[in-house]
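An overview of the molecular structure
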Amino acid sequence: MTTASRTNLLNLTPAEAESALRAFAESHGVPAYRGSQASRHLWGTAPAATFEDMTDLPKSFRALVAEHFELPRLALAAEQTSSDGTRKFLFTMHDGQAIETVAIPDGDRLTFCVSSQAGCALQCSFCATGAMGFARNLTVHEIAGQVRELAMLSPPLFATNIVFMGMGEPLMNWASVDKTLTILNDPKGFGIGARHITVSTVGWLPGIEALGARKEQFRLAISIHAPTDALRATLMPVNTKFPLAVVIDAAAAFDRRVTFEYVMLGGVNDTPAIASELAGLARRCKAFVNLIPLHPGGAMGFAPTTRENIGAFARQLRVHGVEVAIRKSRGTDIAAACGQLRVERLERRRPVAAN
Ligand code: SF4
């Protein structure tokens, strides 16, 4: 049987995979519980790399399952570790496309920043991924597979939190992201609480509505980056498709806590007047504002806002009653902004620093 005709179990939700495996077992004269047993090896804390590794199953059943189903892997092509413990992984897929995943430790938490597309079509002016252009959407197994691959490392890495803030706009790939959310959250998948899973978007409206329609309490983060259409359009071309007013309406209508992501670009979006305008939007949506320092090298012709000015901007927001945090710069010595490891590999440059 060819690979193409086998069913990829990792593109299915845990419930779908279990039911496919149970039906398969029964149709081959094997008790259905063997199918459930096999499904428990797909995700979780000890995922099986191959069917052969499912050693609690009879050898003959493992061989039969392997003829009809597949468990595709992502190939780990590069890894960097920052002095602050942040680890960045470059995975390649069957067609040679490369994506990045970042694991960020913080006390008891380990947050995985996952990619949802290879490249990105949205061309935000400060973003390395946007500069690469769009290659393709990732399938379910390529998104959830990033978490699975890190759980198969030795020693393994287990996420307590997931953020869809790697390469790509997740809500432009909703069909795959929707199913991936189920795999991440389902106790038979990775069992990560919905409140610990954040989908970050530029404000892709249909996707915000689809995420809001899910019953689980998944978190929404919106990349605002500027409080006026005139400024935002210069940073984010998508603003012409979904202008700020529309995005803010959607954020205000979202029935759970929303975070505004705001990258601090020196001399561009960091003045006190702009802080006051941003505060107005945040208050309307009861949004929490996350200020993101640009990494020290800057990006695409932008300079980082100074620490003092970031502090002043945050204070200005607080004066207006807005909750705000300044995100810690993590992994700056390995260029952990999205897309940079892939850019380095493509350009055959030496990484900024690796150990
Ligand atoms: S910031 Fe996000 S949405 Fe914008 S180009 Fe980069 S990856 Fe795409």
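Position numbers for residues count from 1 along each chain, tracking the sequence in the order it is written. Totals for whole chains, interfaces and linings use every residue, but because this is a predicted model, local features are given only for residues with pLDDT of at least 70 and side-chain atom pairs only at 80 or more, for both listing and counting.

1. Remarks on the domain arrangement of the protein chain
- Once the domains are mapped, the protein chain shows domain 1 (3-70) and domain 2 (75-346).
- By the convention adopted here, residues make contact when the C-beta atoms placed from their backbones lie within 7 Å. Contact residues are listed per partner, giving ten residues for domain 1 and 16 residues for domain 2.
- Tallied by class, residues from the side of domain 1 that touches domain 2 come to five nonpolar, five polar and no charged. As annotated, the domain borders come from an automatic or database domain assignment. Note that Gly is not counted as nonpolar here; it falls among the polar residues with everything else outside the nonpolar set of Ala, Val, Leu, Ile, Met, Phe, Trp, Tyr, Cys and Pro and the charged set of Asp, Glu, Lys and Arg.

2. Some points on the packing of helix α5 (residues 140-151) against helix α6 (residues 174-185)
- With their axes 8 Å apart at the nearest point, α5 and α6 run at an angle of 35° to one another. The interaxial crossing formed by α5 with α6 has right-handed handedness. Of the residues in α6, those in contact with Val140, Ile143, Ala144 and Val147 of α5 are Ser176, Val177, Lys179, Thr180, Ile183 and Leu184.
- Taken together, the residues that form the contact of α5 with α6 break down as seven nonpolar, two polar and one charged. The angle between two axes is taken between their N-to-C directions and runs from 0 to 180 degrees, where each axis is a line fitted to C-alpha atoms and a helix contributes only its stretch in contact. Secondary structure counts use DSSP, requiring at least four H or I residues in a row for a helix and at least two E residues in a row for a strand, with both numbered from the N terminus. By the definition used in this description, the sense in which the near helix is turned from the far one sets the handedness, with an anticlockwise turn below a right angle giving left-handed and a clockwise turn giving right-handed.

3. As for the site of the ligand
- Not every one of the twelve residues close to the ligand is listed here, only the nearest: Cys120, Cys124, Cys127, Thr129 and Gly130.
- Considering only residue class, the shell around the ligand consists of seven nonpolar, four polar and one charged. By definition, a residue lies near a molecule or strand when the C-beta atom built from its backbone is within 6 Å of it.

4. Topic: the pairing of strand β3 (residues 75-81)
- Judged from the six bridges that link them, β3 and strand β4 (residues 87-92) form a sheet pairing that is antiparallel. Among the inter-strand pairings, Ala75 is bridged to a residue of β4, identified as Thr92.
- We call two strands paired when DSSP finds no fewer than two bridges between them. Between the end of β3 and the start of β4, which pair antiparallel, lie five residues, with Gly85 showing a positive phi angle near 95°.

5. A word on unusual backbone geometry
- A cis amide bond, omega -5°, links Ser154 with the succeeding residue Pro155.
- Assignment of secondary structure puts Pro155 in the loop between α5 and β9 (161-164).
- Phi at Gln123 is positive, roughly 55°, even though this residue is not glycine.
- Of note, Gln123 is situated in the loop between β7 (117-119) and α4 (128-132).
- Residues other than glycine seldom take positive phi values, yet Lys286 does so here, at roughly 50°.
- With respect to the element layout, Lys286 can be found in the loop between α10 (272-285) and β13 (288-293).
- Among the residues examined, Lys286 registers 13 C-beta atoms within 10 Å and is labelled partly exposed. Exposure criterion: with C-beta atoms placed from backbone coordinates, a residue whose C-beta has 20 or more other C-beta atoms within 10 Å is buried, one with 12 or fewer is exposed, and one in between is partly exposed.

6. Structural notes on the sheet that holds strand β5 (residues 98-106)
- Overall, mixed pairing links the ten strands, which are arranged β3-β4-β5-β6-β9-β10-β11-β12-β13-β14 in an open sheet. The open sheet terminates on both sides in strands that have one partner only, identified here as β3 and β14 (324-326). Neighbouring strand axes in the sheet, compared pairwise and without regard to direction, differ in orientation by 20° on average.

7. Description of helix α11 (residues 307-319)
- Taking 1.5 Å as the rise per residue, α11 with 13 residues should run 18 Å; its terminal C-alpha atoms sit 18 Å apart, in good agreement.
- Inspection of α11 places Ile310, Phe313 and Leu317 among the buried residues, and these make up the whole buried set. With its buried residues spanning 60° around the axis, α11 presents them on a single face. Opposite its buried face, α11 presents the exposed residues Glu308, Arg315 and Val319, each directed more than 90 degrees away.
- Considering only its buried residues, α11 is in contact with β12 (258-264), α10, β13 and β14. Multiply 1.5 Å by the residue count of a helix minus one, and that product is the helix's expected span. Note that the arc is defined by the directions from the helix axis to the C-beta atoms.

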